[in-house]
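So the chains spell out like this:
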Amino acid sequence: MPIQLFVPSFRVDECLAEIRICLEKGWTGLGYKTVEFESAWKQYTGLPHAHFLSSNTVGLHLALEILKQRDGWESGDEVITTPLTFVSTNHAILHAGLTPVFSDVDEYLCLDPASVLRRITPRTRAVIFVGMGGNVGRYPEIVRICRDKGLKLVLDAAHMAGTRHQGVHVGGDADVAVFSFQAVKNLPTADSGMICFPDAAGDAIARKLSWLGINKDTYARTISQEAYKWMYDVEYVGYKYHGNSIMAAIGLVQLRYLEQDNNYRRQIAEWYRAALANSARIRLVPKHDDCQSSTHLFQIRVANRDQLILALNRHEVYPGVHYRDNTEYRMYASAHGSCPNAHAASAEILSLPLHMRLTRQDVKAVSELLIRYAE
Ligand SMILES: Cc1ncc(COP(=O)(O)O)c(C=O)c1O
């Protein structure tokens, strides 16, 4: 049996039952289950506000657009970001008419605070922090830098559903946090995400902007007793970014299992750690004692990464790479060479298979292959 990097586990009967409720009611769009899922997410994370979206990608764009409008940033103002991420993070900066400034990463593969400090200019307005694989890295230091320097902080929490730092779910100390519930994330739907502002005003603007700038959603109007249900106003040129009730129905079920699933992910990570601890050629991305990571990824570093992948593939083991240094892409090539740590990591990192169907035997088999082929 091939061993894949990711295999999402859906509680099929429960998901179908939740979806059936939507279909029978005749409500599959914005409102209804999206509101239920937002409440469940707030309860699970302890975050005060949450708005359900069609993806994390649109959420990052929305986040920057809202901060830009609220704080009166100019087009071309700078946002410090990481080159080691999925391109969504950096495209969002360009979508908002801002300039990405790449900062280097540390041994956690997250933004290095010392490098961030060196990238700050009079035009810097914000920092986007990516919690790589669910880790917090040196996030608390980044929070402090942003507060000291008056910069906004966006947390790209695509990997962080269920990550706790010092016992508290992440997201509350950012100016906005954006989660992903894409098909292979810890809380898989098909495509969806959640934008979480700490303040009611940010949340309210996100709701309007994600629904074309309309100031009352269709579901709220449908259940309203008012005679003027059709009477809404349009306050902004918004986007069609909101989530729908079918995705929320799946999300509601998957959320019930997130804690259990993340515990199993952490167990798998411990098995890998124990099996690989004594290999001189395999370096593990370090783990934090005060961070209960969602463990979206288990990443190692090896010198012969590309050959190792081919050797594993010959044994039907299919790991992944998260990510290629974005400055190697043509789109971001003007920053090429500016982040040597990210560049070096990009050639060495490997994400090992990690999902609910993986057994202890699978972990043992993958680890033995790694030890055999790593150089
Ligand atoms: C770090 C990071 N940011 C953003 C995204 C985008 O998430 P979504 O697919 O929900 O738009 C992803 C997902 O692949 C990601 O891994």
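Residues numbered from 1 in each chain as written. Predicted model: local features only at pLDDT ≥ 70, side-chain atom pairs only at ≥ 80, totals over all residues. Heavy atoms only, no water.

A. Representation of a nonpolar patch on the surface. A contiguous nonpolar surface patch, about 260 Å² in accessible area, is contributed by Phe10, Val12 and Leu16. Structurally, Phe10 can be placed in the loop between β1 (3–4) and α1 (12–25). Judged by its relative accessible area of 32%, Phe10 is partly exposed. (Patch = residues over 30% accessible without salt bridge, like charges linked within 9 Å, V, L, I, M, F, W, Y side chains within 5 Å. Areas by Shrake-Rupley, 256 points an atom, 1.4 Å probe, with all protein chains shown as cover. Salt bridge = Lys/Arg side-chain N within 4 Å of Asp/Glu carboxyl O. Helix = DSSP H or I, 4+ residues; strand = E, 2+ residues; numbered from the N terminus. Buried < 20%, exposed > 50% of the residue type's maximum accessible area, 1.4 Å probe, protein only.)

B. The packing of helix α9 (residues 245–276) against helix α12 (residues 360–373), seen in detail. At a minimum axis distance of 10 Å, the contact between α9 and α12 shows a crossing angle of 35°. In terms of crossing hand, the pair formed by α9 and α12 is right-handed. Touching Tyr264, Ile268, Trp271, Tyr272, Ala275 and Leu276 of α9 are Arg360, Val363, Val366, Ser367, Leu370 and Ile371, all from α12. Grouping the constituent residues of the contact of α9 with α12 by class yields 10 nonpolar, 1 polar and 1 charged. (Axes fitted to C-alpha atoms, helices over the stretch in contact; angles between N-to-C directions. Left-handed = near helix turned anticlockwise from the far one by under 90°. Contact = heavy atoms within 4.5 Å. Nonpolar A, V, L, I, M, F, W, Y, C, P; charged D, E, K, R; others polar.)

C. Geometry of the site of the ligand. Around the ligand, a shell composed of 16 residues is seen, among which Thr57, Asp156, His159, Ser180 and Tyr323 lie nearest. In this structure, an oxygen atom belonging to the ligand sits 2.4 Å away from a side-chain N or O atom of Thr57. Within the contact set of the ligand, an oxygen atom lies 2.8 Å away from a side-chain nitrogen or oxygen of Lys185. Here the ligand loses 93% of its free accessible area of 390 Å² to cover by the protein chains. (Near = heavy atom within 4 Å. Polar contact = N/O pair within 3.5 Å; in protein donor to acceptor, adjacent residues only side chain to side chain.)

D. Local environment of the pattern of salt bridges. Tallying each qualifying case throughout the model produces 24 salt bridges. Between Arg138 and Glu141 there is a salt bridge whose closest N-O contact spans 4.0 Å. In this structure, the salt-bridge partner of Arg207 is Asp203, at a minimum N-O distance of 2.8 Å. In this pair, Arg207 and Asp203 both sit in helix α7 (residues 200–209), 4 residues apart, roughly one turn of the helix. Judged by relative accessible area, Asp203 falls into the buried class, the value being 9%.

E. Focus on the packing of α1 against α9. Running from N to C, α1 and α9 cross one another at 145°; their axes reach a closest spacing of 9 Å. The handedness of the crossing between α1 and α9 is right-handed. Of the residues in α9, those touching α1 at Glu14, Cys15, Glu18, Ile19, Cys22 and Leu23 are Ser245, Ile246, Ala249, Ile250, Leu252, Val253, Gln254, Arg256 and Tyr257. Counted by class, the contact of α1 with α9 contains 10 nonpolar, 2 polar and 3 charged residues.

F. Main features of the nonpolar core. One finds Phe37, Trp41, Val127, Leu153, Leu155, Phe179 and Met194 to be the most contacted residues of the largest nonpolar core, which totals 66 residues. Ignoring any residue separated from it by four or fewer positions in sequence, one finds Met194 in contact with Phe37, Glu38, Trp41, Ala50, His51, Phe52, Ala177, Val178, Phe179 and Phe181. (Core = buried A, V, L, I, M, F, W, Y, C linked by side-chain atoms within 4.5 Å.)

G. Focus on the sheet that holds strand β7 (residues 164–165). The strand order across the open sheet formed by 3 strands is β8-β7-β12, and the pairing between neighbours is antiparallel. Pairing within the sheet leaves two strands with one partner each, and these edge strands are β8 (168–169) and β12 (291–292). With 2 bridges connecting them, β7 and β8 associate as antiparallel partners. Across the sheet, the residue bridging to Arg164 is His169, located in β8. (Pairing = 2+ DSSP bridges.)

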